[in-house]
Amino acid sequence: MLMTKKPRFGSFVTSPGEGENTTPEQGAPTRAALVPEPGPAAPVIPQAPAREERRAFSTRVRPSQKAALDIFVMDLKRAGWPISQEAVLEELLRLLQEDEHTRATITQRLTQRLF
């Protein structure tokens, strides 16, 4: 029984042109084949909005309203959202600014309390 060595991994790896006699008929890559074909166009990424300067916003609120804000923020954080009280207040102010129905509702609630 004759024992032969198994070929080592390096013996399978050859450099281009080494160990082979390649011709264009045998499928040697041409320069055009090495240039990647253009793929689908990348999606257009919109420009980020300019960040506004932030200023302190300090006001007095009822303790029950502050507690409601605290609870809401903690519920969001427990659900895995890195939300701050400032972010919640900014979103409420943005809603007041952008949503006519919200402004009408708040106006109605505020004016009913005064009279």
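Residues numbered from 1 in each chain as written. Predicted model: local features only at pLDDT ≥ 70, side-chain atom pairs only at ≥ 80, totals over all residues. Heavy atoms only, no water.

K.L.:
Teacher, can you tell me more about the packing of helix α2 (residues 63–78) against helix α3 (residues 85–98) here?
P.N.:
Packed helices, taken two at a time, are described by their axes: the angle between them and the distance between them. Across the interface, α2 lies against α3 with an axial gap of 10 Å and an inter-helix angle of 110 degrees. With respect to each other, α2 and α3 are oriented roughly perpendicular. Each of K66, L69, D70, F72, V73 and L76 in α2 lies in contact with α3, whose residues at this interface are Q85, V88 and L89. (Axes fitted to C-alpha atoms, helices over the stretch in contact; angles between N-to-C directions. Helix = DSSP H or I, 4+ residues; strand = E, 2+ residues; numbered from the N terminus. Parallel < 35°, antiparallel > 145°, perpendicular 65-115°, else oblique. Contact = heavy atoms within 4.5 Å.)

K.L.:
What is the right way to read α2 from this model?
P.N.:
A turn of α-helix holds 3.6 residues, and therefore any two residues three or four places apart point the same way. The terminal C-alpha atoms of α2, which comprises 16 residues, lie 22 Å apart, in line with the 22 Å expected from a rise of 1.5 Å per residue. Positive backbone phi, approximately 100 degrees, marks G80, located one or two places after α2. (Expected span 1.5 Å × (residues − 1).)

K.L.:
Help me understand the side chain of T102 in this model?
P.N.:
Inspection of the secondary structure assignment puts T102 in helix α4 (residues 100–114). Setting aside anything within four residues of it in sequence, one finds T102 in contact with L95 and L96.

K.L.:
Could you clarify how one ought to interpret the pattern of salt bridges in this entry?
P.N.:
When their charged atoms lie close together, side chains carrying opposite charge are able to pair. According to the stated counting rule, one finds 6 salt bridges in the structure shown. The salt bridge involving E91 is made with R94; its shortest N-O contact spans 2.4 Å. Linking E91 with R94, this pair stays in helix α3, spanning 3 residues, or about one helical turn. A residue is classified by how much of its surface remains accessible, and E91, at 44% relative accessible area, is partly exposed. According to the relative accessible area criterion, R94 is partly exposed, its value standing at 36%. (Salt bridge = Lys/Arg side-chain N within 4 Å of Asp/Glu carboxyl O. Buried < 20%, exposed > 50% of the residue type's maximum accessible area, 1.4 Å probe, protein only.)

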